[in-house]
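Spelled out from the first residue to the last, the chains are:
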Amino acid sequence: MANRNQSPRAGDGAHPAPDALASAAGAVGLVIALNKPVYPLYVWFVAESALHASLLAALTMPLYLAVWFLARKGWSLTARMGVVLVGTADTVMIAFLMGQDSGTLAFLFACIMLGGQAFYASERWLSRTLIALPFVALALLYGRIGAPFVSIQQEDMEGLRYLNITGAAGLAAFIALRFPRREA
């Protein structure tokens, strides 16, 4: 009997057929998880006064590892939804920790991309909902977050903003490269 959480492309046997979208979502989760312990080192280098906030940001690493694990174990839909939901919640939390000027909300663009890339055509309404979630979060929060939860020096904030915006762009590039392309 097939796992009810499999993709529409999964096989009917005891082992699900490889799901390229779940594999890609799991890879994104793993890359983010592996970056979590390294991020404070980057922050320490470019914005030392934000180090404590960046250490708190690393606490979500197990959630991204869970996405990777679920993808590897054949829980396709859960993993694909999880990468968007965890990414959105993580981004919002870190934005409040580091403040509006940190550029952290730029990671919501990667979450929007994941909502569009990680789902099959038959899951279009789920995909649209998971595109809307980070978009609405961005629209509601941009300009309204305020100061960081912990004190970050203003001169460090520029380096932190650069780090976060380039990090978000790098993640978006990885997503664009990692998700499968459709045949012509």
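## Some points on the packing of aromatic side chains
Each pair of aromatic rings is reported with the distance of its centres and the angle of its planes.
Link 1 in the chain: Applying the stated criterion to the full structure yields 0 aromatic pairs.
Link 2 in the chain: Its guanidinium or amino end placed over the ring of Trp125, Arg128 lies 4.6 Å from that ring's centre, counting from NZ or CZ.

## What about the confidence of the model for the protein chain?
Link 1 in the chain: Across the protein chain, pLDDT averages 91, with 89% of residues at or above 70.
Link 2 in the chain: This stretch, residues 9-15, has a pLDDT under 50; its non-local contacts, to residues over four places away or in other chains, come to 8 contacts.

## Some words on the pattern of salt bridges
Link 1 in the chain: By the definition in use, this model includes 3 salt bridges.
Link 2 in the chain: Residue Asp19 is joined to Arg80 by a salt bridge in which the shortest nitrogen-to-oxygen separation is 4.0 Å. Residue Asp19 is located in the segment before helix H1 (20-35), and its partner Arg80 is located in helix H5 (residues 76-98); the two are separated by 61 residues in the primary sequence. By the burial criterion, Asp19 is buried, and Arg80 matches it.

## Structural notes on the packing of helix H4 (residues 61-72) against H5
Link 1 in the chain: The interhelical angle for the contact between H4 and H5, taken along N-to-C directions, is 170°, at an axis separation of 8 Å. On the basis of the axis angle, H4 is roughly antiparallel to H5. For the pair H4 and H5, the contacting residues are Leu63, Tyr64, Val67, Leu70 and Ala71 in the first and Thr78, Ala79, Gly82, Val83, Val86, Gly87 and Asp90 in the second.
Link 2 in the chain: Within the contact of H4 with H5, the residues separate by chemical class into 8 nonpolar, 3 polar and 1 charged.

## Quick word on the nonpolar core
Link 1 in the chain: Counting residues in each nonpolar core, the largest one holds 23 residues, and the members touching the most others are Val28, Val83, Val84, Leu114, Leu171, Ile175 and Phe179.
Link 2 in the chain: For this core, the secondary structure elements donating two or more residues are H1, H4, H5, helix H6 (107-117) and helix H8 (154-178).
Link 3 in the chain: Considering every element that reaches this core, the biggest residue donor is H1, with 6 residues.
Link 4 in the chain: Apart from residues lying up to four places away in sequence, Phe179 is in contact with Leu21, Ala24, Ala25, Val28, Leu114, Gln117 and Ala118.
Link 5 in the chain: Core analysis: the next-biggest nonpolar cluster, separate from the first, contains 13 residues, Tyr39, Ala57, Met98 and Leu163 among them.

Conventions used here
- Residues numbered from 1 in each chain as written.
- Predicted model: local features only at pLDDT ≥ 70, side-chain atom pairs only at ≥ 80, totals over all residues.
- Heavy atoms only, no water.
- Phe/Tyr/Trp six-rings, centres within 6.5 Å; stacked < 30°, edge-to-face > 60°.
- Lys NZ or Arg CZ within 6 Å of the ring centre and 35° of its normal.
- pLDDT = per-residue confidence, 0-100.
- Contact = heavy atoms within 4.5 Å.
- Salt bridge = Lys/Arg side-chain N within 4 Å of Asp/Glu carboxyl O.
- Helix = DSSP H or I, 4+ residues; strand = E, 2+ residues; numbered from the N terminus.
- Buried < 20%, exposed > 50% of the residue type's maximum accessible area, 1.4 Å probe, protein only.
- Axes fitted to C-alpha atoms, helices over the stretch in contact; angles between N-to-C directions.
- Parallel < 35°, antiparallel > 145°, perpendicular 65-115°, else oblique.
- Nonpolar A, V, L, I, M, F, W, Y, C, P; charged D, E, K, R; others polar.
- Core = buried A, V, L, I, M, F, W, Y, C linked by side-chain atoms within 4.5 Å.

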